[in-house]
Every structure is written in C-alpha cells, then in structure tokens.
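Here's the letter readout for the chains.
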Amino acid sequence: MTLVAILSGAGISTDSGIPDYRGPNGLWRKDPEAEKLVTYDFYMTDPEIRRRSWQMRRTSATWHAEPNAAHRAVADLERAGVPVRVITQNVDGLHQLAGVSARKVLELHGTAREVVCTRCHARSPMAQALTRVEAGEADPACTVCGGILKSATVMFGERLDPVVLGEAMSIAKACEVFIAVGTTLQVQPAASLAGIAAEYGARLIVVNAEPTPYDDLAEETIREPIGTALPSLLARLSAEADAGADAGADAGADAGADG
C-alpha cells in the first residue's frame, strides 16, 4: 500500500489553541524578545531568562490543548490501514493524544512534555518540574546531579537529533505521498524534507494558508483552513487506497481465473 508521510508544523495545532510562531499573528512577531526564552545560549547563561522560561512553560496553552479535527484525521487514516508516518515540527504531543501510534511519530524538535538535564541528560516528566515551579522553585535543578534543566525540545542554537533527522530523511525518500501541513517550510533542515520527497518521486501536497518555497514542486497546494482541508484530503487518499486495493484484488482474481 501507499506510504503517506505527513510533515506537520505549528499551523495544524492552532485550532487547538496553541499559537504559531511565524504566522501573521505569530508569537515571534508579537514579542521578538520571547525568542530569547527558547535560545540555548541565553537560557544557559542567564538565570533570569531561565526563570522567565519556566513561567512561560507553566502557563503554556499546550497543557489545556486537545487534538483537533486535523490531528484526528491523521489518526483515522492510520486506523483505516493506510501506512502513515508523521514527521512533526511541533512539540505538543497532540498527534499521539489523537491516537496516532507513538512509534509512527517522529518529533523533529523534541517534546515539551519532558525535561532533560543539560549535564547528565536524565529525563523526567515536565509535569514534575512544573509542580516544583508551582511550589516556589523559580529555576528547578536536576534532582540527579544538580544540573540545569530544560524542556526536552530543540532550542534555537541546538542541533536536531541526527538519528531522528536520518529517520525522517529515509521516510521522505521512501514515501509515495508527502503532505506538508501547517508549516511555512522555511526552517531547515525540516523544510528540505519536502524537496527530498519530491526528488525521489513522491506526490507532494502542501496544505498551508500562506505560500511556501516548495509550492512549485507540489502537485497540489491547498489554502483552505487546515481543520477542514486536511480531513477532506486524507479521506480522499484513504478512498484512493481502498480503490487501489480493490483493483489489485480484482486483477489477482482475473489472473487466477485465466490460469
């Protein structure tokens, strides 16, 4: 069956109440100083930045967000039996909450639902760290070694995990359909996955409100709202997969009869 790869960006989660970063109303446009809170060098060298970062995490919309129709449509596609791999630039975990198998989701930029020690690399749930912040620890340290804790996300100035990126590139090369949804396709190296998929013969589909640098390579560009456009698109792909399976079964039956 056709392997469908879905590269999702911040736009897929805006209907869940999580603001994007680079859109017309994005966080970085409204408050450029907010970038410092997720920039590794500032975070590691400035205790005040860390204290502000913990307060930002504490009040994040992620903790109250629920998967929306677009996330559920991806999970429905997997349940329908279509081979699906999700490569997400998001750190909110909403694909998994919607029901997509965790092993089929590659989180390019890590996850906000865990923290990691910058010294010993011990990981633990974000909820535990936030409980400590609520109790009065402005900048909670690692309970194992006393090192600086950070969200288990890829901050500005950090490299993507090369293993995760390598898996994403392999998926881009192997898929028959590559859907870029809710992403400006401007942040590298994630954006290059769309070009790799097209280069290796995948059918590239871009679902995004604004134009992207890869639109010229796309077989189809969809500008409608993601919450309705993606479920419609994935339902169409599922129907195409079913039709292809039925055609293959009929051809096999005919061949058997001829033999």
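Everything that follows concerns the structure shown earlier in this document.
Just so you know, these numbers come straight off a predicted model, no measurement behind them.

Cut-offs used in this document
- In every chain, residue numbers begin from 1 and rise along the written sequence.
- With the structure being a predicted model, the display of local features is reserved for residues of pLDDT at least 70 and the display and counting of side-chain atom pairs for 80 or more, all residues being used for whole-chain, interface and lining totals.
- Excluding hydrogens and water, the side-chain values take into account all heavy atoms of the structure.
- Strands were regarded as paired on the criterion that DSSP finds at least two bridges between them.
- A helix here means a DSSP run of H or I that spans at least four residues, while a strand means a run of E at least two residues long, and both kinds are numbered starting from the N terminus.
- An axis is simply a line fitted to the C-alpha atoms; with a helix, the fit covers only the stretch in contact. Between two such axes, the angle follows the N-to-C directions and lies from 0 to 180 degrees.
- Whether two residues touch is decided by their heavy atoms; if any such pair falls within 4.5 Å, the residues are in contact.
- Less than a right angle of anticlockwise turn of the near helix away from the far helix marks a crossing as left-handed, whereas a clockwise turn marks it as right-handed.
- Any residue that is not Ala, Val, Leu, Ile, Met, Phe, Trp, Tyr, Cys, Pro, Asp, Glu, Lys or Arg is counted as polar, Gly included; the first ten are nonpolar and the last four charged.
- Each residue's exposure class comes from its accessible area (1.4 Å probe, protein chains only) as a fraction of the maximum for that residue type: buried when under 20%, exposed when over 50%, partly exposed otherwise.
- Two N or O atoms form a polar contact when they lie within 3.5 Å of each other; inside protein one atom must be a possible hydrogen donor and the other a possible acceptor, and for residues adjacent in sequence the pair counts only when both atoms belong to side chains.
- Any carboxyl oxygen of Asp or Glu that lies within 4 Å of a side-chain nitrogen of Lys or Arg is treated as forming a salt bridge with it.

A. Representation of the sheet that holds strand β7 (residues 177-181) in the model. Spatial ordering of the open sheet is given by β3-β2-β1-β7-β8-β9, a layout of 6 strands whose pairing is parallel. Of all the strands in the sheet, just β3 (105-107) and β9 (220-222) have a single pairing partner and so form its edges. In this sheet, neighbouring strand axes are inclined to one another by 15 degrees on average, regardless of whether the strands run parallel or antiparallel. As paired elements, strand β2 (residues 84-88) and β3 share 3 bridges and run parallel to each other. Considered in β3, the bridge of isoleucine 87 is made with leucine 106. Most of the contacts of helix α7 (residues 162-174) go to β3, to which it runs at about 135 degrees, and overall it touches β1 (4-8), β2, β3 and β7.

B. Broad picture of the packing of α7 against helix α8 (residues 192-199). Close contact between α7 and α8 brings their axes to 7 Å; oriented N to C, the two are set at 35 degrees. Crossing angle aside, the handedness with which α7 passes α8 is right-handed. Contacts from Ala168, Met169, Ala172 and Lys173 in α7 reach Leu193, Ile196 and Ala197 in α8. For the contact of α7 with α8, the residue count by class is 6 nonpolar, no polar and 1 charged.

C. Region of interest: the side chain of arginine 50. As for its placement among the helices and strands, arginine 50 is situated in helix α3 (residues 47-58). Judged by its relative accessible area of 9%, arginine 50 falls in the buried class. A distance of 2.7 Å separates a polar atom in the side chain of arginine 50 from a polar atom in the side chain of aspartate 139. Among all residues touching arginine 50, those that are not within four sequence positions of it are Tyr43, Met44, Thr45, Asp139 and Ile148.

D. Here's a closer look at the pattern of salt bridges. Summed over all chains, the structure comprises 12 salt bridges. With a shortest N-O distance of 2.9 Å, arginine 132 and glutamate 137 are connected by a salt bridge. Note that glutamate 240 and arginine 203 form a salt bridge whose closest N and O atoms lie 3.1 Å from each other. Linking glutamate 240 in helix α9 (residues 226-258) with arginine 203 in strand β8 (residues 203-207), this pair joins segments that are 37 residues apart in sequence. Taken together, the salt bridges that share partners define one network made up of Arg203, Glu219 and Glu240.

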